[in-house]
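# Descriptive structure summary
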Amino acid sequence: MRYLIVALSLCAAPAQAGQPIYESMAECAGIFQAASEIMQTEEKRDRVYRAHLKWAEASAAEAGHDMTPLITQKAEVWRSKGVTAVFTEDFLDWTKYCASLAKHKKLVIDLYQ
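Below you will find a few notes about this structure. Note that this is a predicted model, so its numbers are computed, not measured.

This brings us to the state of the cysteines. According to the stated counting rule, one finds one disulfide in the structure shown. Cys-28 shares a disulfide with Cys-98; S-S distance 2.0 Å. Between Cys-28 and Cys-98, the S-S torsion sits near -100°, and that sign places the bridge as left-handed. In this pair, Cys-28 is assigned in helix α2 (residues 21-36) and Cys-98 in helix α5 (residues 89-104), connecting sequence segments 70 residues apart.

In this structure, the largest pocket encloses a volume near 260 Å³. What lines the largest pocket is a set of 14 residues, among which Phe-32, Thr-95, Ala-99, Ile-109 and Leu-111 lie closest to the centre. Those elements giving two or more residues to the lining of the largest pocket turn out to be α2, α3 (42-63) and α5. Taken together, the residues of the lining of the largest pocket sort by class into 12 nonpolar, one polar and one charged.

Conventions we followed
- Residues numbered from 1 in each chain as written.
- Predicted model: local features only at pLDDT ≥ 70, side-chain atom pairs only at ≥ 80, totals over all residues.
- Heavy atoms only, no water.
- Disulfide = S-S within 2.5 Å.
- Helix = DSSP H or I, 4+ residues; strand = E, 2+ residues; numbered from the N terminus.
- 1 Å grid on protein atoms, 1.4 Å probe; cavity = no way out; pocket = protein on both sides within 12 Å on 5 of 7 lines; lining within 4 Å.
- Points joined across faces, edges and corners; volume = space filled by probe spheres on them.
- Nonpolar A, V, L, I, M, F, W, Y, C, P; charged D, E, K, R; others polar.

This is the structure in structure tokens:
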């Protein structure tokens, strides 16, 4: 049953559901990169940036090549939406999807470490 739930949540990817999984992983990296820049303390900034690095590494491993240019592009899109982007349905959908994808890929993203 648990695998069915994970599979269904991965199928319900936001926005560009037809894109390769490594592009979705790059989107997650971009979200965390952009989010790290608006954190109010250095500690929070570092924790969120470490999550970005984990997603970037996982995306590159999945793709078989460096994903930095795409991640940078995706982060810029999120930056351009402004700080209030975190209150949008799109952001909420993506963060839920990223959490589900991390669990599926056994990628540990712990923002409290």
